[in-house]
Amino acid sequence: MATDLVLEKDVKKIPQHIAIIMDGNGRWAQAQGKGRVAGHKAGVDSVRAVVRGARKAEVKALTLFAFSSENWQRPEKEVSMLMDLFMFVLTKEVKRLHKNNIRFQVIGDLSRFSDKLQKSIIKSEQLTVNNTGLVLSVAANYGGRWDITNAAKQLASQVRNNEMTLDDITEESLHQHTCLAQLPSLDLLIRTGGDCRISNFLLWQAAYAELYFTDVLWPDFNEDEFTQAIDVFDQRERRFGKTGAQVLNK
Ligand code: IPE
Ligand code: IPE
Ligand code: MG
């Protein structure tokens, strides 16, 4: 029993599912006297770095916030450059993801994207659908409130069609209709860029995630920073409503 305890303490806890709010691209670029888009472009390298880090650490799922449902309010030029960048990265990187056995998917309301971009997303998802390694989800035109509303709508339609009753609406059945329901629950939510808020990201999924905020701007975030976040997660005591003593005596 005593040895079990020691062993458990020695093993580093690795979050099974990590999500990242990749923030600070614009400020990074401005600090260098460049346009905001240069920051978004530089941020692609950080995406590569965290994907590499996640594979090395054997994380099961990595979910990245690339474009929020609120980001349409940005200047038109920035939005269209972001769409072009998304398209470019998709076509350029997906083969490499596939080679690395990564399953790629996009979450969010895709209907607002151009036909070309939607097709490219579907093609990328289909290419990697049978891969068994890391699940990489990119949130684009995603909003946590949209996600929950969408799940509620689907349940309401099933009740209306007599496919289920009102009593079948439970936390579990609603959960099944939210994005990422098939993945391990979210363990760690990282936000770069210094702001301490969720910005309508995974509201439902983050209920018991550990939150990690860093001042590092997204283009400066690298594999070491990612490992540091995992180390901090390892030090956290997750109690899920229980007392500290209950958790320790488990
Ligand atoms: C995050 O960086 C990327 C997107 C929201 C697309 P920002 O563009 O928000 O950068 P800051 O926060 O203005 O520095
Ligand atoms: C959140 O960042 C969205 C993404 C990182 C894609 P924002 O920069 O849009 O968030 P706010 O507006 O500062 O809350
Ligand atoms: Mg921002």
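Further up the page is the structure itself.
These notes cover the structure that comes with them.

Scoring rules and cut-offs
Residues numbered from 1 in each chain as written. Chains lettered and ligands numbered in written order. Predicted model: local features only at pLDDT ≥ 70, side-chain atom pairs only at ≥ 80, totals over all residues. Heavy atoms only, no water. Core = buried A, V, L, I, M, F, W, Y, C linked by side-chain atoms within 4.5 Å. Buried < 20%, exposed > 50% of the residue type's maximum accessible area, 1.4 Å probe, protein only. Helix = DSSP H or I, 4+ residues; strand = E, 2+ residues; numbered from the N terminus. Contact = heavy atoms within 4.5 Å. Near = heavy atom within 4 Å. Polar contact = N/O pair within 3.5 Å; in protein donor to acceptor, adjacent residues only side chain to side chain. Areas by Shrake-Rupley, 256 points an atom, 1.4 Å probe, with all protein chains shown as cover. Nonpolar A, V, L, I, M, F, W, Y, C, P; charged D, E, K, R; others polar. Salt bridge = Lys/Arg side-chain N within 4 Å of Asp/Glu carboxyl O. Pairing = 2+ DSSP bridges. Axes fitted to C-alpha atoms, helices over the stretch in contact; angles between N-to-C directions.

1. Describing the nonpolar core
Across soluble globular proteins, nonpolar side chains show a tendency to be buried alongside one another. By size, the foremost hydrophobic cluster in this structure holds 40 residues, and its most contacted members are Ile18, Ile20, Leu62, Ile190 and Phe226. With eight residues, helix H4 (residues 76-99) is the single largest residue contributor to this core. The contacts of Leu62, once residues within four sequence positions are left out, are His17, Ile18, Ile20, Val50, Val51, Ala54, Leu134, Val135, Leu136, Ser137 and Phe226. Grouped together as the second largest cluster of nonpolar side chains are 17 residues, Ile107, Val135, Tyr142 and Leu186 included.

2. Quick notes on the site of ligand 1
Contacts to ligand 1 come from Met22, Asp23, Gly24, Asn25, Gly26, Arg27, Arg36, His40, Ala66, Asn71, Arg74 and Leu82. Contact between ligand 1 and Gly24: an oxygen atom at 3.4 Å from a main-chain N or O atom of the residue. Protein chains bury 87% of the 380 Å² of accessible surface belonging to ligand 1 in isolation. Looking at the shell around ligand 1, the elements that each hand over two or more residues are helix H2 (25-31) and helix H3 (36-56). Along the lines of polarity and charge, the residues of the shell around ligand 1 split into three nonpolar, five polar and four charged.

3. A word on the pattern of salt bridges
For the structure shown, the criterion picks out 17 salt bridges. Here Asp231 makes a salt bridge to Lys12, at a shortest N to O gap of 2.6 Å. Within this pair, whereas Asp231 is found in helix H8 (residues 223-235), its partner Lys12 is found in the loop between helix H1 (2-10) and strand S1 (17-21), the two being separated by 219 residues in sequence. Using a relative accessible area of 36% as the deciding quantity, one classes Lys12 as partly exposed. Its salt-bridge partner being Arg197, residue Asp195 comes within 3.4 Å of it at the nearest N-O pair. Its relative accessible area of 22% is what places Asp195 among the partly exposed residues.

4. Side note on the sheet that holds strand S4 (residues 135-142)
As summarised here, the arrangement of the six strands in space is S3-S4-S2-S1-S5-S6, forming an open sheet in which the pairing is parallel. Looking at which strands have only one partner, the edges of the open sheet turn out to be strand S3 (103-107) and strand S6 (210-213). The mean inter-strand angle of the sheet, taken between neighbouring strand axes irrespective of direction, is 20 degrees. Examined bridge by bridge, strand S2 (residues 61-68) and S4 share seven bridges and lie parallel to one another. Opposite Leu64, over in S4, you have Val138 as the bridge partner.

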